[in-house]
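# Reading the structure
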Amino acid sequence: MPIGIKIILIILIVLAVLAVIGWIGLRITPAPFEPFPQSSSGPAETIPLPDGLPAPVERFYRTIYGDEIPVIESAVISGRGHMRPAGPFYLPVRFRFTHDAGQGYRHYIEATFFGLPVLKINERYVDGVGRMELPFGTVEDEPKVNQGGNLGLWAESMWLSPVYLTDERVRWAPVDDVTALLIVPFEDTEETFVVRFDPESGLVSYLESMRYQGAESAKKVLWLNEVTRWGEMDGRPFMQDAALIWIDQREPWAILTTEEIVYNVDVSEYIRARGE
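Rules of the game
Residues numbered from 1 in each chain as written. Predicted model: local features only at pLDDT ≥ 70, side-chain atom pairs only at ≥ 80, totals over all residues. Heavy atoms only, no water. Salt bridge = Lys/Arg side-chain N within 4 Å of Asp/Glu carboxyl O. Helix = DSSP H or I, 4+ residues; strand = E, 2+ residues; numbered from the N terminus. Buried < 20%, exposed > 50% of the residue type's maximum accessible area, 1.4 Å probe, protein only. Polar contact = N/O pair within 3.5 Å; in protein donor to acceptor, adjacent residues only side chain to side chain. Contact = heavy atoms within 4.5 Å. Core = buried A, V, L, I, M, F, W, Y, C linked by side-chain atoms within 4.5 Å. Phe/Tyr/Trp six-rings, centres within 6.5 Å; stacked < 30°, edge-to-face > 60°. Lys NZ or Arg CZ within 6 Å of the ring centre and 35° of its normal.

### What to know about the pattern of salt bridges
Should their charged atoms come close, side chains of opposite charge can pair. Summed over all chains, the structure comprises 13 salt bridges. E259 is the partner of R80 in a salt bridge, and the nearest nitrogen-oxygen pair spans 2.7 Å. Here E259 lies in strand β15 (residues 254-263) and R80 lies in strand β3 (residues 74-83), a separation of 179 residues in the sequence. Using a relative accessible area of 37% as the deciding quantity, one classes E259 as partly exposed. R196 is the salt-bridge partner of E208, the closest N and O atoms lying 2.6 Å from each other. In this pair, E208 sits in strand β12 (residues 204-211) while R196 sits in strand β11 (residues 189-197), placing the two residues 12 residues apart along the sequence. Using a relative accessible area of 14% as the deciding quantity, one classes E208 as buried. Salt bridges sharing common partners tie together R131, E133, E140 and R274.

Encoded structure:
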């Protein structure tokens, strides 16, 4: 066999081996984060389910909470999933999201290869300022990032959905039997989500909003937050699996499974920290 063909075969074999190694590495799930060191506080204060809610909204809250709505002031949500930080390939991730209800959040995400962190993402939206800290640069207090951060805050509040009733700045507007508008504050104005409810279960299926994808975005893009599975925690339904989708992309850019939530813990310092 000519030496040139041998070299080509060797190169092809090496590339095939590397591809197999990469394929295996991207399918190894990372270990979960250690349980959050604080436990949920005692029984939460409650308020009566407000009158005058749109029909699908009232049904949603009665399905989960009945007539009494807990007051949730903070939450720490942990889990694992897959994300596409850049390019077409999903990376396994583990995440911990910290929320000061209706006020701000912090994300800490580790993308992994063979279960080991290869990319760490620290981002937050606190005091109305968005900050995205990535290995290849940091963007902070840019108007379009702030707009996206605010929408992220309220979309993720589905994990602590009572805040949509207990925060006086938030209001609901009717559309039809399976749709309502969720109107939330943003700086000196408001933003709107279209919320779609499953006609059989009464639980939320989608939150839709118009969001900037980044600081350089020329225009807003339809952003979908799909609840792909409702689980059960402490005897109540909770958002367990979610997919985040930009309408101009064919696949979700993030698929998340929640494994732990603690409520009403002190996050005043933790929300401004970095890392796990």
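### Remarks on the side chain of D167
Structurally, the position occupied by D167 is in the loop between α4 (163-166) and β9 (171-176). Reaching out from D167, the side chain makes a polar contact with the side chain of R169 at a distance of 2.7 Å. Beyond its immediate sequence surroundings of up to four residues, D167 is in contact with G102, Q103 and W154.

### Description of the nonpolar core
One recurring pattern in soluble globular proteins: nonpolar side chains tend to sit buried together. Formed by 57 residues in total, the largest nonpolar core has its most connected members in Y61, Y164 and W172. Excluding residues that lie within four positions of it along the chain, Y164 makes contacts with Y61, W154, A155, S157, M158, V170, W172, L182 and L207. In terms of nonpolar packing, the next biggest core, distinct from the first, is built from six residues, F36, V262, V265 and V267 among them.

### Overview of the packing of aromatic side chains
Counted under the stated rule, the structure contains 11 aromatic pairs. Here the aromatic rings of F60 and W230 are separated by 6.0 Å at their centres, their planes lie at 65°, and the arrangement is edge-to-face. Residue F60 is located in helix α2 (residues 55-65), and its partner W230 is located in strand β13 (residues 221-233); the two are separated by 170 residues in the primary sequence. By the burial criterion, F60 is buried, and W230 matches it. By the ring-pair criterion, three or more aromatic residues cluster together here, those being F60, Y61, Y164, W172, F197 and W230. The ring of W223 carries R211 above its face, with NZ or CZ at 4.3 Å from the centroid.

### Quick notes on the side chain of N150
Take N150: it is sitting in helix α3 (residues 143-156). When neighbours within four sequence positions are excluded, N150 is seen to be in contact with Y125, V184, P185, F186 and E191.

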